[in-house]
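Observations on chain architecture
Now for the letters of each chain:
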Amino acid sequence: TWHLRKVPQIVSGRTFSLDSPKFEAKPELELNSVCGIECQSRLPAPSLSDLKELLSYETVFENGTRTLTEVNVLGVVPAPAGNATARASSRRKRQIYGTDSRFSIYDKRFMTNFPFNTAVKISTGCSGILVSPRHVLTAAHCLHNGKDYVKGSKRLRVGLMKMKGSGRKQRRSGRKKETSDGMPSFQWTRVKSTHIPRGWFKGVSGDVALDYDYAVLELKRPHKRKYMELGISPTIKMMPGSMIHFSGFDNDRSGQLVYRFCSISDESNDLFYQYCDAEPGSTGSGVYLRLKEPNKRKWKRKIIAVYSGHQWVDVNGEQQDYNVAVRITPLKYAQICLWIHGNDGNCTQG
């Protein structure tokens, strides 16, 4: 079942104007030299002042202006130091592990219905997921490389799936017959503002901190689709079969929505390490679980992580590769919830 947890509060403090970004960074679909499972298990837990710094956030608006908002963190329960368990195995670099277990979704009934219709395409080449009538959750590195915003993120757009054509049309008055090929086309919406945690920026974290590879986009116009709720990521032990699911727009299957599920191999406080088959383009997808609602017989899907992509990490002194997802911890839940609702009052129960 989903366990209700009291969530710490993140309260907005002062907001400062910053210089407009240059928007000149190259998008990097694969990140290197990331602190791996062992390295993470040796890191001290962040102090309260560290958390305030890491969870303060930048907002970029569609006119190119930028602000920094400081935050206060209340009611935080410090996480125990690294709970990762390192397992040695050597794998060569690949994003498809063994047999390709991905499914391309062609059927309209699936593609235009929940949960598949919550997947969106980001104009910088990534995927994302709808988390409110106006907000999309994606990976920070789809928009910012740690130093500057990526080219193309100034006029950022989000593509919501719609089906091409309306099936077969009979020939009437000489009109040609149209057939729907089961491929989605996209209804593109401009992004009004983008929120990225300071923990993602190199100046704050020393290096790119994968733990903070998430961002929220606010759309100019609301959509009327069903969206996916956020959940706090349980530990592997609390997941049925430790199985996760996500859908995105992998580069090697152009124009197709690609769904996959797999079990998680490893975890740290902030990351899941897994071998879900995924190619670039699916980065930023919302990773979700299906668990029972407390005291109800109904099952409910919730987003518990953001797929961050293919990474090299150090395990037992050797470089190994995994596909990595950023867990939604109680603190990240509180922050994303603040970005969506604009206040912390709606974010007390995870």
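Per chain, residues are indexed from 1 in the order of the written sequence. Totals for whole chains, interfaces and linings use all residues, but because this is a predicted model, local features are given only for residues with pLDDT of at least 70 and pairs of side-chain atoms are given and counted only at 80 or more. In computing side-chain properties, one takes all heavy atoms of the structure into account and sets aside hydrogens as well as water.

**Quick word on the packing of aromatic side chains**
- Centres within 6.5 Å are what make two rings of Phe, Tyr or Trp a pair, Trp counting through its six-membered ring; a difference in plane orientation under 30 degrees is then read as stacked, over 60 as edge-to-face, and the rest as tilted. For the structure on display, the rule yields 6 aromatic pairs.
- Plain terms: the ring middles of Phe-186 and Trp-188 are 5.7 Å apart, the flat faces sit at 50° to each other, and that makes the pair tilted.
- The exposure class of Phe-186 is buried, given its relative accessible area of 17%.
- A relative accessible area of 30% places Trp-188 in the partly exposed class.
- Here Tyr-214 and Trp-339 contribute two aromatic rings whose centre-to-centre distance is 6.1 Å and whose plane-to-plane angle is 40°, an arrangement assigned as tilted. Burial here depends on accessible area, computed with a 1.4 Å probe over protein chains only, as a share of the maximum for the residue type. Under 20% is buried, over 50% is exposed, and the range in between is partly exposed.

**Examining the state of the cysteines**
- Cysteine sulfur pairs qualify as disulfides if the two atoms are within 2.5 Å. On inspection of all chains with the given rule, the structure shows 1 disulfide.
- Each sulfur of the disulfide joining Cys-126 and Cys-142 lies 2.1 Å from the other. Disulfide Cys-126-Cys-142: the torsion about the S-S bond is -95°, which places it as left-handed. Of this pair, Cys-126 sits in the loop between β5 (119-122) and β6 (127-130) while Cys-142 is found in the loop between β7 (135-138) and β8 (157-163), placing the two residues 16 residues apart along the sequence.
- Classification of Cys-126 by relative accessible area gives buried; the value is 2%. Runs of E in the DSSP output that reach at least two residues are strands. Runs of H or I that reach at least four are helices, and both are numbered from the N terminus.

**Here we look at the confidence of the model for the chain**
- In the predicted model, the chain carries a mean pLDDT of 76, and 71% of its residues have values of at least 70.
- Within a predicted model, pLDDT stands for the predictor's per-residue confidence, ranging from 0 to 100. Note on contacts: a residue pair is in contact if any heavy atoms of the two residues lie within 4.5 Å. This stretch, residues 80-94, has a pLDDT under 50; its non-local contacts, to residues over four places away or in other chains, come to 42 contacts.

**Description of the pairing of β7**
- Neither face of β7 is open: one carries His-135 and Leu-137, the other Val-136 and Thr-138, and all of them are buried.
- Two strands make a pair as long as DSSP finds a minimum of two bridges between them. Across 2 bridges, the pairing between β6 and β7 is antiparallel. Looking across to β7, one finds that Leu-130 is bridged to Val-136.
- Between β6 and β7, which pair antiparallel in sequence order, lie 4 residues.
- One ladder, built from 4 bridges, connects β7 with strand β10 (residues 215-219); its direction is antiparallel. Bridge pairing in β10 places Val-136 opposite Leu-217.

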